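# Coordinate inspection notes
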Amino acid sequence: MVSIDRFLIGMFLSVAEVAYYATPYEIVTKLQVFPSALTGVLFPAFSHTLVNDRARARQLYTHGLTITLALLIPLTAILVTFAHAGLALWLGDEFAAHGYRVLQLLAIGVLINASAYLPASFLHAAGRPDVTAKLHMIEFPLYVPLVCWLIGAFGIEGAASAWVLRVTLDAALLFWMAGRALPKPAPIQWEIANAGPAASA
């Protein structure tokens, strides 16, 4: 699923259209270096805290997602806003006219996909690496006909839309599965009941 969109663009459209799609793709996917680095650090922390301090595991998950979004939302906004101007300055007006909408769509998709690194890493640390593989097996037979249809209907922008839809579904399912695996927060009533003795001590 990582490269089949470009293969299908070349098959249904032209090699030139592959370039108009692949260049924005290579630009925006570089943003994934941030969540990749973060989850590389958090994975052993998740593994440890899920065994020894489950409340801390939930806190790390929340903070990791907050940091990821705080980094990527401004960068995504910049890419979406200046997609045409940036491509025109770098590769010329003709390339920008063909590729800027693809860049905008893929930038939004990368933001969604990058946020899903956190639940995926959490599930792996929780001993459920099978979840991502199973999700991809479910998504693949849905994604291929979708991207073929959207390429035929909307060209490379259709391919970008199909990719965004796939990563959105993938992220939603990963967040749902991670939410089920997350340690539940302590009940408010319990915290209030213990506040008195703690304060008097």
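From a predicted model like this one, the values you see are computed outputs, not experimental measurements. (Residues numbered from 1 in each chain as written. Predicted model: local features only at pLDDT ≥ 70, side-chain atom pairs only at ≥ 80, totals over all residues. Heavy atoms only, no water.)

## Concerning the overall build of the protein chain
Applicable threshold: Here a helix means four or more residues in a row that DSSP labels H or I, a strand means two or more in a row labelled E, and each is numbered from the N terminus. The globule rule used here is 2.2 Å times the number of residues to the 0.38 power, and the radius of gyration it is set against is calculated over C-alpha atoms. Only protein chains enter the area calculation, which uses a 1.4 Å probe; residues under 20% of their type maximum are buried, those over 50% are exposed, and those in between are partly exposed.
Secondary structure assignment for the protein chain yields ten helices and zero strands. Ordered by position from the N terminus, the helices and strands of the protein chain form the series α-α-α-α-α-α-α-α-α-α. The C-alpha radius of gyration of the protein chain comes to 21 Å, more than 25% above the 17 Å expected for a compact globule of 201 residues. If you line up the protein chain on its principal axes, its C-alpha atoms span 75 × 35 × 25 Å. Burial analysis of the protein chain (201 residues in total) assigns 40% to the buried set.

## Looking at the pattern of salt bridges
Applicable threshold: The salt bridge definition used is simple: a Lys or Arg side-chain nitrogen within 4 Å of an Asp or Glu carboxyl oxygen.
Applying the stated criterion across every chain, the model contains seven salt bridges. By sharing partners, the salt bridges in this structure join Asp5, Arg6, Glu26 and Lys30 into a single network.

## Some points on the side chain of glutamine 32
Note the cut-off: When checking whether two residues touch, look at their non-hydrogen atoms; a contact exists if any pair is within 4.5 Å.
Examined against the element boundaries, glutamine 32 turns out to sit in the loop between helix 2 (15–28) and helix 3 (33–52). Those residues in contact with glutamine 32 that lie beyond four places of it in its chain are Val110, Asn113 and Tyr117.

## Thoughts on the nonpolar core
Put simply, the rule is: Among buried residues, the Ala, Val, Leu, Ile, Met, Phe, Trp, Tyr and Cys ones that are joined through side-chain atoms within 4.5 Å form a nonpolar core.
Residues Ile9, Tyr21, Val28, Leu106, Val147 and Trp163 are the most contacted members of the largest nonpolar core, which totals 35 residues. Where this core is concerned, the elements lending two or more residues are helix 1 (4–12), helix 2, helix 4 (54–81), helix 5 (83–91), helix 6 (93–115), helix 8 (130–154) and helix 9 (156–181). When residues of this core are assigned to their parent elements, the largest contribution, ten residues, is made by helix 6. If sequence neighbours within four positions are ignored, leucine 106 has contacts with Tyr21, Pro24, Tyr25, Val28, Ala160 and Trp163. Phe46, Ala57, Ala120 and Ala178 belong to the second largest nonpolar core, which has 20 residues in total.

## Digging into the packing of aromatic side chains
Rules: Classification of ring pairs rests on two measures: the distance between centres of Phe, Tyr or Trp rings, Trp counted by its six-membered ring, which must be within 6.5 Å, and the angle between planes, read as stacked under 30 degrees, edge-to-face over 60 and tilted in between.
As enumerated under the stated definition, the model contains five aromatic pairs in all. A centroid spacing of 5.1 Å and a plane angle of 65° characterise the contact between tyrosine 20 and phenylalanine 95, whose relative ring orientation is edge-to-face. One end of the pair, tyrosine 20, is in helix 2; the other, phenylalanine 95, is in helix 6, with 75 residues separating them in the sequence. Note on tyrosine 20: relative accessible area 13%, which makes it buried.

## Side note on the environment of tryptophan 176
Relative to the assigned elements, tryptophan 176 resides in helix 9. Along the backbone, tryptophan 176 and proline 119 are 57 residues apart, and their C-alpha atoms lie at a distance of 8.6 Å.

## Some details on the confidence of the model for the protein chain
Stated formally: You can read pLDDT as the predictor saying how much it trusts each residue, on a scale of 0 to 100.
With 92% of its residues at a pLDDT of 70 or more, the protein chain has an overall mean of 89. Per-element confidence in the protein chain is highest for helix 6, whose mean pLDDT is 96, and lowest for helix 10 (residues 188–200), whose mean pLDDT is 47. When the criterion is pLDDT under 50, residues 188–193 qualifies, and its contacts beyond four places in sequence or with other chains add up to one contact. Between residues 195–201, whose pLDDT stays under 50, and residues either more than four places distant or in other chains, the model counts zero contacts.

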